[in-house]
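# Residue-level structure breakdown
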Amino acid sequence: MSDFQPHPRLRSRRDLFRIALGGGLSFLLPPLSLRASEQRGVERPASLITVWLQGGPSQLETWDPHPGTKIGGPTRGIETSIPKIQIAEHFPRIAEQLRHLSVIRSLSSKEGDHERGTYAVKSGYRPDPTVTHPSLGSLVTQALPNKSLEIPSHVALASGTWPPVGGYLGAEYDAFKVSDPGGQMPHINPPVSTERQAMRVNGLDILNRSFARGRPGQLERTLQPETVRRALTMMNSEQLEAFKIEEETAETRAAYGEGRFGRGCLVARRLVETGVRAVEVTLDGFDSHADNFDAHVARANELDPALSQLVRELRERDLWQSTMLLCVGEFGRTPRINSLDGRDHWPHGFSCLVGGGGLRSGVVIGATDPEGGREPVDPVTVPNLHATILSRFGIDPDEELWTPIGRPLALSEGTPIERLLPAT
């Protein structure tokens, strides 16, 4: 049953942020079980996991079915653990876990192209030729550095065509890309002996000092020495174990699924346990202009076990209050079914799941027109979703950063969604 309670009426955006930040103190420092404390140390870093559904999943075949209507197609709905709320029949395991999440059914964007839509949902801004905005994960990583990490603090697993980037924050906040999560990562083990590796590093140091002579500050500005230092630290770190799944039981691996996406979700849980701040896991294949319904059944066969198991394990391992989970794609798909039994791009009213991190659970926001109308009820903009997530991390979405060309830009132009914030 939903634990949603009406939030007291707030007077301003600053009030919303203050409440979000106040609740965020427990998000940043949640109660620790003995096991979690042993795994993470005294303080548990807050993390963001984004499950990215690349290609634009159909809201009608995922979290907002309209069975029995002209636009509903053959997809039936099933009851969920949120009373009177149905999702598509292909997600029985997520239906069981749904009470721990909230559903936004009226997410709206102005971008109906894959690349532009991805940019808009990942950064919270429409594409602008004069600036590249950082992704949500990059903003969180930049604002909340974790100095205990010896591996990247921003990771993209099974990364897609447009992985999250640091934009004007700099390439150091780009996500570290792992194309085959759970497998052997390339270039981690030196191809030569330890002695030979030490000689190579020493030779590089000599070359750097020679380059730097007479060029004050230039070497540091390239970030090359720092990049090499981080790479060598990572190559020798025990935290690399977080990328491996061999020590997980066969039962656990099977529960997530043995495919690239399932392994990615399992690695995401392991990275969060290690303290990685932001992780994105991509499931590709939702661009269903033809054969929409079979395509979504195939994707559901991967998404349903992996996402539901991720929610289950984050809760069982006392990670749910410190981990925010967002499941979203770049847009939805048209209510109209085309002549190829497909659905086309639809940014006007699509769905996402969000939960954890102290957000209210069991909340369902918005509705789409069962007749296929363009305007959803109670629309939610992507910037407002971003502002909500940033606020829960204790990051003021109003804060302005200066771009390299001296342009001040707010972290988000949205306003936190009051109904998702914790009660005060």
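Please refer to the structure higher up on the page.
Computed from a predicted structure; not experimentally measured.

## Some remarks on the packing of aromatic side chains
One pass over the structure, following the stated rule, counts two aromatic pairs. Ring geometry for W63 against F91: centres 4.7 Å apart, planes inclined by 50°, an arrangement best described as tilted. Of this pair, W63 sits in the loop between β1 (47-53) and β2 (77-79) while F91 sits in the loop between β3 (86-88) and α3 (92-97), placing them 28 residues apart in sequence. The same class applies to W63 as to F91, namely buried. Geometry around W52 places K122 over its ring, the cationic atom sitting 4.7 Å from the centre. In this structure, R215 is placed above the aromatic ring of F211, and the distance from its NZ or CZ to the ring centre is 4.5 Å.

## Details of the side chain of E313
Relative to the assigned elements, E313 resides in helix α11 (residues 292-316). On the basis of relative accessible area, E313 is assigned to the buried category, the value being 7%. If near-sequence neighbours (up to four positions away) are discounted, E313 is found in contact with T252, Y256, L266 and R269.

## Section: the nonpolar core
Formed by 51 residues in total, the largest nonpolar core has its most connected members in V51, F243, L271 and L303. Three or more residues apiece are contributed to this core by two domains, here domain 1 (35-177 + 246-420) and domain 2 (184-243). Contact partners of F243, with chain neighbours within four places excluded, come to I151, V155, F176, V178, G182, M185, M234, V267 and L271. Counting residues in hydrophobic clusters, the runner-up holds 35 residues, among them W52, L139, C352 and L411.

## Brief notes about empty space enclosed by the protein
This structure, assessed with the given rule, holds three cavities of 30 Å³ or more. In this structure, the largest cavity spans a volume of roughly 130 Å³. Counting residues per element, the ones that place at least two in the lining of the largest cavity are β1, α4 (114-123), α5 (136-143), β7 (278-283) and β8 (323-328). Among the residues making up the lining of the largest cavity, the classes are represented as nine nonpolar, five polar and two charged. Around the second largest cavity, the lining is made up of 15 residues, and of these Q59, P335, W346, T368 and D369 lie nearest the centre. By residue class, the composition of the lining of the second largest cavity is five nonpolar, six polar and four charged.

## Observations regarding the packing of α5 against helix α12 (residues 382-392)
Axis separation between α5 and α12 bottoms out at 11 Å; the angle between their running directions is 25°. As far as their axial angle goes, α12 and α5 are roughly parallel. Crossing geometry of α5 relative to α12 is assigned as right-handed. For the pair α5 and α12, the contacting residues are L136, L139 and V140 in the first and H386, I389 and L390 in the second. Here the residues of the contact of α5 with α12 are counted per class, giving five nonpolar, one polar and no charged.

How each quantity is defined
The residue numbering used here restarts from 1 in each chain and proceeds along that chain's sequence as written. Whole-chain, interface and lining totals are the exception, using all residues; otherwise, since this is a predicted model, local features are given only for residues with pLDDT of at least 70 and side-chain atom pairs are given and counted only at 80 or more. Heavy atoms from the whole structure form the basis of all side-chain values; hydrogens and water molecules are not counted. Under the pairing criterion, centres of Phe, Tyr and Trp rings, with the six-membered ring standing for Trp, must be within 6.5 Å; the plane angle then separates stacked pairs below 30 degrees from edge-to-face pairs above 60, leaving the rest tilted. For the purposes of this entry, the term helix denotes a DSSP run of H or I that reaches at least four residues, the term strand denotes a run of E that reaches at least two, and both are numbered from the N terminus. Exposure categories follow from relative accessible area, calculated using a 1.4 Å probe and restricted to protein chains: below 20% of the type maximum is buried, above 50% is exposed, and the middle band is partly exposed. For a Lys NZ or an Arg CZ to count as sitting over a ring, it must be within 6 Å of the ring centre and within 35 degrees of the ring normal. Note on contacts: a residue pair qualifies if any of its non-hydrogen atoms lie within 4.5 Å across the two residues. Remark: nonpolar core denotes a set of buried residues (Ala, Val, Leu, Ile, Met, Phe, Trp, Tyr, Cys) joined through side-chain atoms within 4.5 Å. Bear in mind that the domain bounds are from an automatic or database domain assignment. Both cavities and pockets are sets of points on a 1 Å grid over the protein atoms alone; in a cavity a 1.4 Å probe fits but cannot get out, in a pocket the set is open with protein on both sides within 12 Å along at least five of seven lines, and lining residues sit with an atom within 4 Å of a point. Grid points are joined across faces, edges and corners, and a volume is the space filled by probe spheres set on the points. Residues were grouped as follows: Ala, Val, Leu, Ile, Met, Phe, Trp, Tyr, Cys and Pro as nonpolar; Asp, Glu, Lys and Arg as charged; and all remaining residues, including Gly, as polar. Every axis in this analysis is a line fitted to C-alpha atoms, fitted for helices over the stretch in contact. Angles between the N-to-C directions lie between 0 and 180 degrees. The cut-offs work like this: below 35 degrees is roughly parallel, past 145 is roughly antiparallel, 65 to 115 is roughly perpendicular, and the gaps in between are oblique. If you view the pair so one helix is near and one far, a crossing is left-handed when the near helix is turned anticlockwise from the far one by less than a right angle, and right-handed when it is turned clockwise.

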